Amino acid sequence: MATEVCNHAIGTLQSHSYLSNLNHSQKLRSGSLRLAMKDFIPSNNGLTTGRSRRNYFVIRSSASHSQTSVIDPVLSPSRSNSGDTPKKSNEAALILIRHGESLWNEKNLFTGCVDVPLSNKGIDEAIEAGKKISNIPVDVIFTSALIRAQMTAMLAMTQHRRKKVPVVLHDESEEAKAWSQVFSEDTKKQSIPVTTAWQLNERMYGELQGLNKQETADRYGKEQVHEWRRSYDIPPPNGESLEMCAERAVAYFRDRIEPKLLSGKNVMIAAHGNSLRSIIMYLDKLTSQEVISLELSTGIPMLYIFKEGRFIRRGSPTGPTESGVYAYTKHLALYRQKLDEMFQ
């Protein structure tokens, strides 16, 4: 099924040229990027005072007196679990997680859109990723349509201190919608909606899928395989290039995910190396040359703060402790403080 979806994606995406208008003027200080870094930069623009009311917390800005939900925005009587009703907010968190090691990663096979579950190591990586984000607010979750990304999201959320339950939304048919309804408002308040989307799938590797990477290099040559894997616009045989993957992933991010952030919701995306590289290319305004040097480790969260229409990268925590995760902004520090008060 996943392969059929990706084949359909190739046919529908080749006519698009969305990323051709990306800003290519920004230059990076180094030729290679690694996102498993410790660039923990505290913000001086956070919110300053807090109070609690009706089982949810509101932080009031001393400068503008605007309100921002810190814990459980969905508990507000004026908000629903799935709507995008705008609220007064000056920032939201965006968490990106590449899935943990899969069983085919373990076997050194090209996976692409083949739907393969996590290995034991991948399960451990997903749990550790959850520990790293256990004090960062999550209101909605997006994953790819592939099981390894969905497993990563679910396992990560088992470690979150708020203990909300991720609930997968089914909208493939009217019957699926009706059968998966939740009729308890209290239960909805303790749930996190999860949307799965094929647009966030790994790029389709075509005729390489299922082949051993070393054997493929021996057969076609290291340079050819490297070009298929790392070039921006050259696809493997009957597969997707990074450019083609980026067209669908970025378009989906802009259309479906960015509005959630604009409405003040905190978002987590669990996806794949190439779909996330594509999204980071958009967030950081990387050129096609810069993005091919971008490396993402499995199971390592990347945090962005969405503030005043801008995405501010705050780096990847490299351990499950508070080594910078809670000090990105006062907003997140206060969220953690409220969790301490709730669950001490």
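The shown structure was predicted, so the numbers you read here are calculated from the model rather than taken from an experiment. (Residues numbered from 1 in each chain as written. Predicted model: local features only at pLDDT ≥ 70, side-chain atom pairs only at ≥ 80, totals over all residues. Heavy atoms only, no water.)

### Some details on the overall build of the protein
Convention followed: In this description a helix means any DSSP run of H or I spanning at least four residues, a strand means any run of E spanning at least two, and both kinds are numbered starting from the N terminus. Only protein chains enter the area calculation, which uses a 1.4 Å probe; residues under 20% of their type maximum are buried, those over 50% are exposed, and those in between are partly exposed. It only takes one pair of heavy atoms within 4.5 Å for two residues to be counted as in contact. Accessible surface is estimated by sampling points in the Shrake-Rupley manner with a 1.4 Å probe; for residues, cover comes only from the protein chains shown.
When helices and strands are counted, the protein shows twelve helices and twelve strands. In the protein, buried positions account for 50% of the 344 residues. A sequence separation of at least 24 residues applies to 76% of the contacts in the protein between residues at least 6 apart. Total accessible area on the protein stands at roughly 15900 Å², and carbon and sulfur atoms take up 48% of it.

### Structural notes on the confidence of the model for the protein
Our working definition: Confidence of the predictor at the level of single residues is captured by pLDDT, which takes values from 0 to 100.
Across the protein, the average pLDDT comes to 78, with 70% of residues at or above 70. Counted against residues more than four places away or in other chains, residues 1–82, with its pLDDT under 50, gives 188 contacts. Overall, residues 317–327 carries pLDDT values under 50, and its contacts beyond four positions in sequence, including any with other chains, amount to 29 contacts.

### So, the pattern of salt bridges
So the rule is basically this: Throughout this description, the term salt bridge denotes a Lys or Arg side-chain nitrogen within 4 Å of a carboxyl oxygen of Asp or Glu.
A full pass over the atoms with the stated rule returns ten salt bridges. For Glu174, the salt bridge goes to Lys177, with nearest N and O atoms at 3.7 Å. Taken together, the residues Glu174 and Lys177, both in helix H5 (residues 174–179) and three residues apart, mark about one turn of the helix. Of the residues examined, Glu174 reaches a relative accessible area of 61% and is grouped as exposed. In this structure, the salt-bridge partner of Asp340 is Arg336, at a minimum N-O distance of 3.8 Å. Of the two residues, Asp340 and Arg336 are both situated in helix H12 (residues 330–343); the distance of four residues between them amounts to about one turn of the helix. One connected set of salt bridges, linked through shared partners, spans Arg161, Arg336 and Asp340.

### A short note on the packing of aromatic side chains
What counts is decided by this rule: For this analysis, a ring pair means two rings from Phe, Tyr or Trp (six-membered ring only for Trp) whose centres lie within 6.5 Å, classed as stacked if their planes differ by under 30 degrees, edge-to-face if by over 60, and tilted for the remaining angles. In this analysis the charged atom, NZ for Lys or CZ for Arg, is taken to sit over a ring once it is within 6 Å of the ring centre and within 35 degrees of the ring normal.
Going through the model one piece at a time under the given rule, you end up with six aromatic pairs. With 4.6 Å between their ring centres and 45 degrees between their planes, Phe306 and Phe311 make a pair best called tilted. For the pair shown, Phe306 and Phe311 are each scored as buried. Three or more aromatic residues link up through ring pairs in this structure, and these residues are Phe253, Tyr282, Phe306 and Phe311. Stacked on the ring of Tyr205, the Lys or Arg Arg203 has its end atom at 4.5 Å from the ring centre. Sitting over the face of the ring of Phe110, Lys213 holds its NZ or CZ atom 5.7 Å from the ring centroid.

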